[in-house]
Amino acid sequence: MLDLLARLGHNGLKKLEAFGSAGIILMQSLIARPQPATMLPLVIKQIHFVGVLSLIIIVVSGLFIGMVLGLQGYTILVDYGSEQAVGQMVALSLVRELAPVVTALLFAGRAGSALTAEIGLMKATEQLSSLEMIGVDPLRRIVAPRLWAGFICLPVLATIFSLVGIFGGALVGIEWLGIYEGSFWSNMQNSVDFSEDILNGLIKAVVFGFVVTWIAVFQGYDCVPTSEGISDATTKTVVYASLSVLALDFVLTALMFGDL
Amino acid sequence: MDSFDDVIIDIKQLSFSRGERAIYDNVDIQVPRGKITAIMGPSGTGKTTLLRLIGGQLMPENGSILVDGKDIPRLNRRELFKMRSRMGMLFQSGALFTDISVYENVAFPMRVHTDLSEEMIRDVVLMKLHAVGLRGARDLMPSELSGGMARRVALARAIALDPEIVMYDEPFAGQDPIAMGVLVNLIRRLNRALGHTSIIVSHDIQETLAIADYIYLISDAEVVARGTPEEINNATSMKVRQFIQGLPDGPVPFHFPAGDYQSELLQDS
Ligand SMILES: Nc1ncnc2c1ncn2[C@@H]1O[C@H](COP(=O)(O)OP(=O)(O)OP(=O)(O)O)[C@@H](O)[C@H]1O
Ligand SMILES: [Mg+2]
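About the cut-offs
Residues numbered from 1 in each chain as written. Chains lettered and ligands numbered in written order. Predicted model: local features only at pLDDT ≥ 70, side-chain atom pairs only at ≥ 80, totals over all residues. Heavy atoms only, no water. Near = heavy atom within 4 Å. Polar contact = N/O pair within 3.5 Å; in protein donor to acceptor, adjacent residues only side chain to side chain. Areas by Shrake-Rupley, 256 points an atom, 1.4 Å probe, with all protein chains shown as cover. Helix = DSSP H or I, 4+ residues; strand = E, 2+ residues; numbered from the N terminus. Nonpolar A, V, L, I, M, F, W, Y, C, P; charged D, E, K, R; others polar. Core = buried A, V, L, I, M, F, W, Y, C linked by side-chain atoms within 4.5 Å. Buried < 20%, exposed > 50% of the residue type's maximum accessible area, 1.4 Å probe, protein only. Contact = heavy atoms within 4.5 Å. Buried area = accessible area lost by both parts, 1.4 Å probe. Salt bridge = Lys/Arg side-chain N within 4 Å of Asp/Glu carboxyl O. Donors = N, O, S within 2.8 Å, 3.2 Å for Na, K, Ca; no water. Arc of directions from axis to C-beta. 1 Å grid on protein atoms, 1.4 Å probe; cavity = no way out; pocket = protein on both sides within 12 Å on 5 of 7 lines; lining within 4 Å. Points joined across faces, edges and corners; volume = space filled by probe spheres on them. Pairing = 2+ DSSP bridges. Axes fitted to C-alpha atoms, helices over the stretch in contact; angles between N-to-C directions. Left-handed = near helix turned anticlockwise from the far one by under 90°.

A. Representation of the site of ligand 1. All names here are of chain B. Taken together, 14 residues lie near ligand 1, and Arg 21, Ser 43, Lys 47, Thr 48 and Thr 49 sit nearest. Taking Arg 18, its side chain carries an N or O atom lying 3.4 Å from a nitrogen atom of ligand 1. Taking His 203, its side chain carries an N or O atom lying 3.1 Å from an oxygen atom of ligand 1. When the free accessible area of ligand 1 is taken as 640 Å², the share hidden by the protein chains comes to 63%. Mapped by element, the contributors of at least two residues to the shell around ligand 1 are β2 (21–32) and α1 (47–54). With three residues, α1 is the largest single contributor of residues to the shell around ligand 1. When the residues that make up the shell around ligand 1 are grouped by side-chain class, the tally is two nonpolar, eight polar and four charged.

B. Geometry of the nonpolar core. All names here are of chain A. By size, the foremost hydrophobic cluster in this structure holds 39 residues, and its most contacted members are Val 50, Val 86, Phe 107, Phe 184 and Phe 208. When residues of this core are traced back to their parent elements, those giving at least two are α3 (55–77), α4 (86–124), α6 (138–176), α7 (181–191), α8 (194–222) and α9 (227–257). Among the elements that make up this core, the one with the highest residue count is α4 (12 residues). Here Val 50 is in contact with Phe 107, Ala 111, Leu 115, Ala 149, Gly 150 and Cys 153, once residues within four sequence places are set aside.

C. Examining the interface of chain A and chain B more closely. Taken together, the 16 residues of chain A in the interface contact 23 residues of chain B. Overall, the association of chain A and chain B removes approximately 1,700 Å² of surface from exposure, summing both partners, and the carbon and sulfur fraction of that is 55%. Considering only the side of chain A, the residues that lose the most area to chain B are Glu126(A), Met133(A) and Ile134(A), jointly responsible for 39% of the buried surface there. Taken together, chain A and chain B are joined by three salt bridges. Between Asp137(A) and Arg77(B) there is a salt bridge whose closest N-O contact spans 2.7 Å. Summed over the shared surface of chain A and chain B, the result is 11 residue pairs in polar contact (both at pLDDT 80 or more). Contributions of two or more residues to the side of chain A that touches chain B are made by α5 (127–134) and α6 of chain A.

D. Representation of the coordination of the magnesium ion (ligand 2) within the structure. Binding of the magnesium ion (ligand 2) to the protein goes through Thr48(B) (OG1) and Gln92(B) (OE1), at separations of 1.9 to 2.3 Å. Residue Thr48(B) is located in helix α1, and its partner Gln92(B) is located in the loop between β6 (87–90) and α3 (102–113); the two are separated by 44 residues in the primary sequence.

E. The arrangement of helix α2 (residues 36–51) of chain A in detail. Residues and elements named next belong to chain A. Among the residues of α2, those classed as buried are Val 43, Gln 46, Val 50 and Gly 51. All buried residues of α2 lie within an arc of 100° about the axis, which places them on one face of the element. Turned more than 90 degrees away from the buried face of α2, the exposed residues are Ala 37 and Ile 44. Against the buried residues of α2 lie α3, α4 and α6.

F. Structural context of empty space enclosed by the protein. Scanning the model with the defined rule gives two cavities of 30 Å³ or more in all. One number sums up the size of the largest cavity: a volume of about 140 Å³. Lining the largest cavity are 14 residues, and of these Ile134(A), Met87(B), Gly88(B), Arg157(B) and Ala158(B) sit closest to its centre. Counting residues per element, the ones that place at least two in the lining of the largest cavity are α5 of chain A together with β6 and α5 (147–158) of chain B. Residues of the lining of the largest cavity, tallied by class, amount to nine nonpolar, three polar and two charged. Taken as a whole, the second largest cavity holds about 30 Å³ of empty space. If you go around the second largest cavity, the residues you meet are Ile8(B), Val67(B), Asp68(B), Met83(B), Arg86(B), Met87(B), Glu164(B) and Ile165(B).

G. Representation of the layout of surface pockets in the model. Taken as a whole, the largest pocket spans an internal volume of roughly 1,300 Å³. Lining the largest pocket are 37 residues, with Gln35(A), Thr38(A), Val136(A), Arg140(A) and Arg141(A) positioned closest to its centre. Taken together, the elements giving at least two residues each to the lining of the largest pocket come down to α1 (2–30), α2, α5 and α6 of chain A together with α2 (77–84) and α3 of chain B. Among the elements that take part in the lining of the largest pocket, α2(A) stands out by supplying eight residues, more than any other. For the lining of the largest pocket, the per-class residue count stands at 19 nonpolar, seven polar and 11 charged. Taken as a whole, the second largest pocket holds about 730 Å³ of empty space. Forming the boundary of the second largest pocket are 22 residues, of which Lys15(A), Ala18(A), Phe218(A), Gln219(A) and Tyr240(A) lie nearest the centre.

H. Region of the structure containing the sheet that holds strand β10 (residues 222–227) of chain B. Residues and elements named next belong to chain B. With mixed pairing, six strands are arranged side by side in an open sheet as β6-β7-β8-β3-β9-β10. The two strands at the open ends of the sheet, each matched to only one other strand, are β6 and β10. Within the sheet, the average angular offset between the axes of one strand and its neighbour, ignoring direction, is 15°. Where strand β7 (residues 165–169) and strand β8 (residues 197–201) come together, five bridges link them in parallel fashion. Pairing of Tyr 168 across the sheet is with Ile 200, part of β8.

I. Looking closely at the packing of α3(A) against α4(A). Residues and elements named next belong to chain A. Viewed as axis vectors pointing N to C, α3 and α4 meet at an angle of 145°, and their least axial separation amounts to 10 Å. The interaxial crossing formed by α3 with α4 has right-handed handedness. Seen from α3, the contacting residues are Ile 57, Ile 58, Ser 61, Ile 65, Leu 69, Gly 70, Gly 73, Tyr 74 and Leu 77; seen from α4, they are Val 86, Met 89, Val 90, Ser 93, Leu 94, Leu 98, Val 102, Thr 103 and Leu 106. Residues of the contact of α3 with α4, tallied by class, amount to 13 nonpolar, five polar and no charged.

Honestly, that's just the spatial picture; any functional story needs more than this.
As structure tokens, then:
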């Protein structure tokens, strides 16, 4: 029993220590004299890597989720004779919840794991050490551009997800199930509020982008530099990032919509 | 113990351990300026560790590491990075940046530390690559190189800025006899012509005895012998003789510290 307590305490301390060093890494990467000339090309390259290359999976998932929402919404709402509200339902659930959350989960799996593996491999092959010896801080050169790219990309990807999802919902609702087009769109326009829905959704996306990328780069930077260490770190990235996104989503939703 | 007129790296009472195991225990090492100093010793004694300590990537538990009068462990981040720009290091694994070409790898330190024009960078890169015989490989990616080639590119990168101190971690490993001869000459030429201070970690005894001005033999957390190549060659100590002649039996352990072999085999698990 005492042993169990001691182990629990030990693990707790280790987690706390990891959290502390993750915070230090974050600070040291981001708080620096801005050097736009060297930074900008690196950030753009990373935006291509984590953002542009995630586009396909985001677009395809958005389309299908929108279509499923349209279909499910219709089968429920048609019983009450209010199938014109499908547009409103699809748009609200996407913009408020599904777009930021699903995008963040996909992003963690697609880009987060890749970031962890890439940085971990750089560590294992002494590339980070040799950067240090050349006199370049790997936190600024390797970690910071990836963090920025993550912050920037996730809100953009979430927006694209919403748009494609709404298109998917319309495709099913209007083209297939024959909801009257005018009321589908006007219902949607009347119910979606800019600051209440769109802005809050974007805030969620920014927060998730921050958290997922932070976890991914930290796991890579902190991993044990062996093949098992890297695979372990990659798994941790996906697990921790997904759990954090879901938990944070609840917190943010409570803060944003809790007083309704 | 010899003393040098002009010491560039002065390590005093250095202690460093990994877990329970002492890698260095109260060791003094001086590296003379403008000379080639070799660090030799059995695998796993801590030669790479020593280079990392000098480069400030590891912190000693005790002692000072003075490089040109500055104590490395006590420098702040900015001073340390500045000091490192005066050092070049060839890593044991090469450690080329895998996302950029051979050319860009060699150009990298110049892009970071100098404002040279693109033409000048190009000239220097081609010169350095030519010196290691790989000018024709400049457009390849690191993944397309053989192990020996990658190490030579890494060497070209380590000397790209003509640093005052160059640390070579096993430069000759994996080289064919011709490349080996070229590298020996290159290191000697860099040292004689430009006055670089070179530190070489190597297991190739003949090559090392041939080019080094001074040799440290490290084993069991301490310096077991030091001296010029002649002194090392003529040393009478059993430990030194065993190492130079490559004999498996003798005072230098071939095995990583372990329990008794016989009893471990007989033991039930
Ligand atoms: N990251 C690490 N964590 C724990 N122990 C380590 C680590 N790196 C090295 N060691 C230990 O430190 C000792 C010295 O390692 P080092 O790499 O300096 O040896 P070396 O003299 O360069 O050997 P070799 O000639 O084989 O390259 C080794 O016994 C190794 O077990
Ligand atoms: Mg070594």
